[in-house]
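Analysis of the macromolecular model
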Amino acid sequence: MSTGGTSAFFSLIEQLQTQPEPAYCGLTTLVIILNALAVDPRRSWKGPWRWYEESMLNCCVDLDLAKETGITFSTFVCLAKCQGLDVHAVHGSDSTVEEFRQVVKQTCTHQKLLPSSFLVISYTRKVLGQTGTGHFSPIGAYDEASDNVLILDTARFKYGPHWVPLELVFEALIPEDPDTGKSRGYVVLSYDGKQDEISNPDTCHRCNSHLPLSVLFGSKQNDSLRKEFKDFLESLLPNVTLSSVISFWTKDRTNDNYVWELVQPQLQPVDSADVNMVTSLRRLLKGLIARKQSDMPSALLFTWQGRNVNNGNKSDVSCPPGGSCCTPSPNNGSVRTLEISPGEALYIVYLASLSKEQRRGIVYEDGIDVEMRIGVDDMVREQLLAEAALVSYAIETCDWDV
């Protein structure tokens, strides 16, 4: 403490927890950081408490798959961005030990009062003489006199917090991850944009950072399907249309629920502001879709429950693939997912398939019926653009590890 290298320590140690699954080191590390930064998950954990835990990280990753195989460096970056964090990520092979040392100093010694950023490493345990292979952990402190860093290991059933020479830690970032063919690395996570001060565009792993939280969707980890759609879009450029997107994500109308293989509805919000935002977003979507009425089959605008009621069947039914009907939360049976139609999801995927300029032109274009503009202001329009940006990001990053 006398050397001033513990500015991140106390915020992190308050949140340090043991990963609940052997392969959950990446997810648990991110949860620790999110709670240390006091990021609001915008949904309940248990009872009235809002607190991040691993099952809430439903963007970019299939949690069942992550239990078995863990996550890659790129998936960690994607998950962090989808929670609204600013991200500066660097592969070890793209950096130097001195650059790494400067980042350690800036996150562990140069912050006053409450820290605004934290450092995470993705490293190979064998280089440190430990059992296991790839691992994620936060860096809790730095001792400049000995040039050691404190690793707050999330696998506390194996290793408690321990000091390691900084140069040895850097060496552990260099070996290739056999799943990606790329080196591991380090990530600075913050929630106020200040990490731009240490951003190096020559070494940063797609570090253009901040993405807002989604109130409508979480994405599903299906990189092969995202890549297929990405290639499909590239074959259409510059003539991407709503009809072409609908054709792909309904398999030419043979499977109207296919889009739920790409995204899944979020849990119903708990704040009145978020409830109002969801209502206004869907009103805006309805107005935008009405302008493309000839391209959007009316059957796609029924929610799953709405389809069954419309067919005279009001009994509970099985969810279609992807869970497009309301389903109980894994943590709280009284919390349910939003009931969103495939058509609404498809329109957002359509926006995500366009350039930023095209999206903005469509969302801000005049001509929506007055009734559908009630409660729709620029904040709502920006949130819709954010929803599209998150989907676009998931599609864009699908082949980062290829």
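See the structure above.
Structural notes, computed from the coordinates. The structure presented is a predicted model; accordingly, all values stated were derived computationally and were not measured. (Residues numbered from 1 in each chain as written. Predicted model: local features only at pLDDT ≥ 70, side-chain atom pairs only at ≥ 80, totals over all residues. Heavy atoms only, no water.)

Another aspect to go through is the overall build of the protein chain. A tally of regular secondary structure across the protein chain gives 13 helices and 10 strands. Expressed as a percentage of its 402 residues, the buried residues of the protein chain come to 55%. A sequence separation of at least 24 residues applies to 71% of the contacts in the protein chain between residues at least 6 apart. Put simply, the protein chain shows about 17400 Å² of open surface, and 50% of that area lies on carbon and sulfur atoms. (Helix = DSSP H or I, 4+ residues; strand = E, 2+ residues; numbered from the N terminus. Buried < 20%, exposed > 50% of the residue type's maximum accessible area, 1.4 Å probe, protein only. Contact = heavy atoms within 4.5 Å. Areas by Shrake-Rupley, 256 points an atom, 1.4 Å probe, with all protein chains shown as cover.)

Before going further, it helps to spend a moment on the packing of aromatic side chains. Inspection of the entire model under this criterion finds 12 aromatic pairs. With a centroid separation of 5.2 Å and an interplanar angle of 85°, the aromatic rings of phenylalanine 9 and phenylalanine 10 are classed as edge-to-face. Under the relative-accessibility criterion, phenylalanine 10 is labelled partly exposed at 43%. Here the aromatic residues Phe229, Phe232, Phe248, Trp249 and Tyr258 are joined through ring pairs into a cluster of three or more. Against the face of tyrosine 258 rests lysine 251, its NZ or CZ located 4.5 Å from the ring centre. Between arginine 381 and the ring centre of tyrosine 364, over which it is positioned, the NZ or CZ distance is 5.7 Å. (Phe/Tyr/Trp six-rings, centres within 6.5 Å; stacked < 30°, edge-to-face > 60°. Lys NZ or Arg CZ within 6 Å of the ring centre and 35° of its normal.)

Pairing is antiparallel across the open sheet formed by 6 strands, whose spatial order is β1-β8-β2-β3-β4-β5. With partners counted over all chains shown, the strands left at the sheet margins are β1 (86-91) and β5 (162-165), one partner each. Within this sheet the neighbouring strands show an average axis-to-axis angle of 35°, counted without direction. Relative to strand β8 (residues 185-190), strand β2 (residues 117-124) is paired through 6 bridges, and the arrangement is antiparallel. By the bridge assignment for β8, serine 122 is matched with glycine 185. Contacting β1, β2, β3 (134-143) and β8, helix α4 (residues 73-82) crosses the sheet at an angle of about 170° to β1. Here helix α5 (residues 97-108) sits on the sheet and contacts β2, β3, β4 (148-151) and β8; the angle it forms with β2, its principal contact strand, is near 140°. (Pairing = 2+ DSSP bridges. Axes fitted to C-alpha atoms, helices over the stretch in contact; angles between N-to-C directions.)

Formed by 46 residues in total, the largest nonpolar core has its most connected members in Leu216, Trp249, Tyr347 and Leu384. Breaking this core down by element, the ones donating at least two residues are α7 (223-236), α8 (242-249), α9 (272-290), α11 (342-352), α12 (356-363) and α13 (378-396). Core analysis: the next-biggest nonpolar cluster, separate from the first, contains 43 residues, Leu37, Phe136, Val187 and Leu390 among them. (Core = buried A, V, L, I, M, F, W, Y, C linked by side-chain atoms within 4.5 Å.)

Take α13 next. Between its first and last C-alpha, α13 extends 26 Å over 19 residues, near the 27 Å set by a 1.5 Å rise per residue. Most of α13 is tucked away: 14 of the 19 residues are buried. Its side-chain oxygen placed 3.1 Å from the backbone nitrogen of methionine 379, aspartate 377 serves as the N-cap of α13. (Expected span 1.5 Å × (residues − 1). Polar contact = N/O pair within 3.5 Å; in protein donor to acceptor, adjacent residues only side chain to side chain.)

Everything listed here is a matter of coordinates, which is why it stays silent on function.
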